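A look at the structure
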Amino acid sequence: MTDVTGAPADVLHTLFHSDQGGHEQVVLCQDRASGLKAVIALHSTALGPALGGTRFYPYVSEAEAVADALNLARGMSYKNAMAGLDHGGGKAVIIGDPELIKTEELLLAYGRFVASLGGRYVTACDVGTYVADMDVVARECRWTTGRSPENGGAGDSSVLTAFGVFQGMRASAQHLWGDPTLRGRKVGVAGVGKVGHHLVDHLRADGAEVVITDVREDSVRRILDQHPTGVTAVADTAALIRTEGLDIYAPCALGGALDDTTVPALTASVVCGAANNQLAHPGVEKDLADRGILYAPDYVVNAGGVIQVADELHGFDFDRCKAKAAKIFDTTLAIFARAKEDGIPPAAAADRIAEQRMAEARSH
C-alpha cells in the first residue's frame, strides 16, 4: 500500500502518528547525475541545530532506509540531550553500497542538500562514511563535522566513542559489583571495527579478559595480532553471547542486537556497547531487567563521538572533549539510580531524563 506520493504508507504513518515519529522534517534527496539517493531526518531542534552522522548503507528498500533514518534521528535527540549538548537530533542515510557507488561527485551533491537546510542539520561520520568523506562534503557545506585535522576538524570520533563506552562499563561495574574496574572480568565485544578495536585496547589496559567476534576476518586478525594474550575470538555473535563466564556483552556493530532470540541466551550480567538502537523493539528493556541483566542505554554510553564532533564547531580541543566524555561515567550511574528509584528499566529512566530536558527547552 502506498500514499499519493508513492511512498509506503507505513513510513508516513510512522512519521506522523506513531510514538516513534514526531519528527520535525524529513528530506528525500536525489541527484541523478551522481546516483545519490539520501534521506535526511530531523527529529528535534528544541535544544539547537540537529546533529547526527551520515550512514552509507545498501538498504534492501527505500522504506527500510527511511525507517532507519527516522529511528536514528530520534535516537540522536535523546543522545545529545543526555550528553548535555546544545543540539537536537538528526541523521542522514545514503542508500547504496559505499564500496560500489561512493564518489566525490555523490558526496558533493549530498553536501549541497545538507547546506540547503541552512544550518538546521549538522552532519558527521557514521557507518560507511569516514573523515575523508566529510572533508569532501565540507567543500559544499559549512555545517559538516568529523573532518580531518588538516581541514580544521577533529578527526576520527571513534576514539572518544570507545572511551565513553568504557566509562559506561566502569559505571556498570561500580553499580553491580561495587568497584569501577574491569580487571578480572570477561567482556565480549561484537564488532571490532571503528569503535570496537579502541574499546578492546581500553579493556586490556584495565586488565579485562576479552572475547571478540566480527564478520570481517581481517578485523579479528588485527586485534589478535595487537593483543597476543588476553583476547580470544569466537565464530559469531551467537557463540559470543553464549560464552561461559561472560560478565559484560558489548554490541558494537549495527543496531537491533538485543531481541527475543539473543536476550534469553545471554550469559552476561551487563550489556554495554557502542552500537546504536540496540533494543530491537519496545519491551526488550523489560526482558533484560526481568532476567536481572543490567542495561547501560546505548545512546548514553556511546555519546563520546558526538561530544567530539559538537566541539569541532567551537574550535576543537581534545582534552576538553575527553573531560566531557569522562562524565559519561557519572551520567550512567545517575541513570541506574533513577531507574532504581522509579522502579523502571535504565532505558526508560534515560528516556525520562532526556525528554525532561527537551521539554524544558521547548517551554522557554
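Refer to the structure above for everything that follows.
Parameters at a glance
Every chain is numbered on its own, with residues counted from 1 as its sequence reads. In keeping with the predicted nature of the model, local features appear solely for residues at pLDDT of at least 70, side-chain atom pairs appear and are counted solely at 80 or more, and the whole-chain, interface and lining totals rest on all residues. Calculation of side-chain values draws on the structure's entire complement of heavy atoms; hydrogens and water are dropped beforehand. Pairing of aromatic rings covers Phe, Tyr and the six-membered ring of Trp, with a centre-to-centre limit of 6.5 Å; geometry is then stacked below 30 degrees between planes, edge-to-face above 60, and tilted otherwise. Secondary structure elements are taken from DSSP: a helix is a run of H or I of four residues or more, a strand is a run of E of two residues or more, and numbering for both begins at the N terminus. When accessible area is computed with a 1.4 Å probe and restricted to protein chains, residues below 20% of their type maximum are described as buried, those above 50% as exposed, and intermediate ones as partly exposed. Lysine NZ or arginine CZ positioned within 6 Å of the ring centre and within 35 degrees of the ring normal marks a charge as sitting over the ring. We call two strands paired when DSSP finds no fewer than two bridges between them. When checking whether two residues touch, look at their non-hydrogen atoms; a contact exists if any pair is within 4.5 Å. For helices, the axis comes from a line fit to the C-alpha atoms of the stretch in contact; other axes are also lines fit to C-alpha atoms, and the angle between any two N-to-C directions lies between 0 and 180 degrees. Every case where a carboxyl oxygen of Asp or Glu lies within 4 Å of a side-chain nitrogen of Lys or Arg is listed as a salt bridge. Our working definition of a disulfide is a cysteine sulfur pair at a distance within 2.5 Å. We define a nonpolar core as any set of buried Ala, Val, Leu, Ile, Met, Phe, Trp, Tyr and Cys residues linked to one another through side-chain atoms lying within 4.5 Å. By the criterion applied in these results, polar contacts are pairs of N or O atoms within 3.5 Å in which, for protein atoms, one can donate a hydrogen and the other can accept it, and in which residues neighboring in sequence qualify only through two side-chain atoms.

**Quick look at the packing of aromatic side chains**
The tally for this structure, following the rule as stated, stands at 3 aromatic pairs. On the basis of an interplanar angle of 65 degrees and a centroid distance of 5.8 Å, the ring pair of Y78 and Y299 is categorised as edge-to-face. Linking Y78 in helix α2 (residues 62-82) with Y299 in helix α12 (residues 298-301), this pair joins segments that are 221 residues apart in sequence. Y299 carries the same exposure label as Y78, and that label is buried. We note R170 situated over the ring of F329; from NZ or CZ to the ring centre the distance is 4.7 Å. Positioned above the aromatic ring of W177, the side-chain terminus of R185 is 3.8 Å from the ring centre.

**Overview of the sheet that holds strand β12 (residues 294-295)**
Across the sheet, 6 strands lie side by side as β9-β8-β7-β10-β11-β12; this open sheet has parallel pairing. One side of each edge strand has no neighbouring strand; the edge strands of this open sheet are β9 (231-233) and β12. Direction of pairing for strand β7 (residues 186-190) relative to strand β10 (residues 248-251): parallel, over a ladder of 4 bridges. Note on β10: the bridge partner recorded for A190 is P251. Here helix α8 (residues 217-226) sits on the sheet in contact with β8 (209-213) and β9, set at roughly 155 degrees to β9.

**Thoughts on the pattern of salt bridges**
Counted according to the given criterion, the structure contains 18 salt bridges. A salt bridge links R55 to D126; the shortest N-O distance between them is 2.6 Å. Of this pair, R55 sits in strand β4 (residues 54-57) while D126 sits in the loop between β6 (121-122) and α5 (131-138); the two residues are 71 residues apart in sequence, bridging distant segments of the chain. Across the pair, exposure class does not vary: R55 and D126 are buried alike. Taken together, the shared-partner salt bridges connect R55, D68, K91 and D126 into one network.

**Considering unusual backbone geometry**
Of note in the backbone geometry, N277 takes a positive phi value of approximately 50 degrees without being a glycine. By secondary structure assignment, the location of N277 is in the loop between β11 (270-271) and α11 (284-290). By relative accessible area, which is 28% here, N277 ends up partly exposed.

**Some points on the state of the cysteines**
Across all of its chains, the model carries 0 disulfides by this definition. Of all cysteine sulfurs in the structure, the one in C141 sits closest to C125, which takes part in no disulfide; the separation is 13 Å. Given a relative accessible area of 19%, C125 falls into the buried group.

**With respect to the environment of A334**
Relative to the helices and strands, A334 is located in helix α15 (residues 328-342). A334 sits in the partly exposed class, given a relative accessible area of 41%.

**Quick look at the nonpolar core**
Ranked by size, the top nonpolar core spans 41 residues in total, and within it M169, V189, L199, L203 and I212 carry the most contacts. Among the secondary structure elements, those contributing two or more residues to this core are α6 (158-177), β7, α7 (196-205), β8, α8, β10, α13 (304-312) and α15. At 5 residues, the largest contribution of residues to this core is made by α6. I40, L106, A109 and V137 belong to the second largest nonpolar core, which has 23 residues in total.

**Side note on the environment of E312**
Looking at the secondary structure, you find E312 in helix α13. Its relative accessible area of 4% is what places E312 among the buried residues. A sequence separation of 200 residues divides E312 from R112, and the C-alpha atoms of the two residues are 20 Å apart. Excluding anything up to four places from it in sequence, E312 contacts T144, T145, G146, R147, G152, G153 and A154. A polar side-chain atom of E312 sits 3.0 Å from a polar atom in the side chain of R147.

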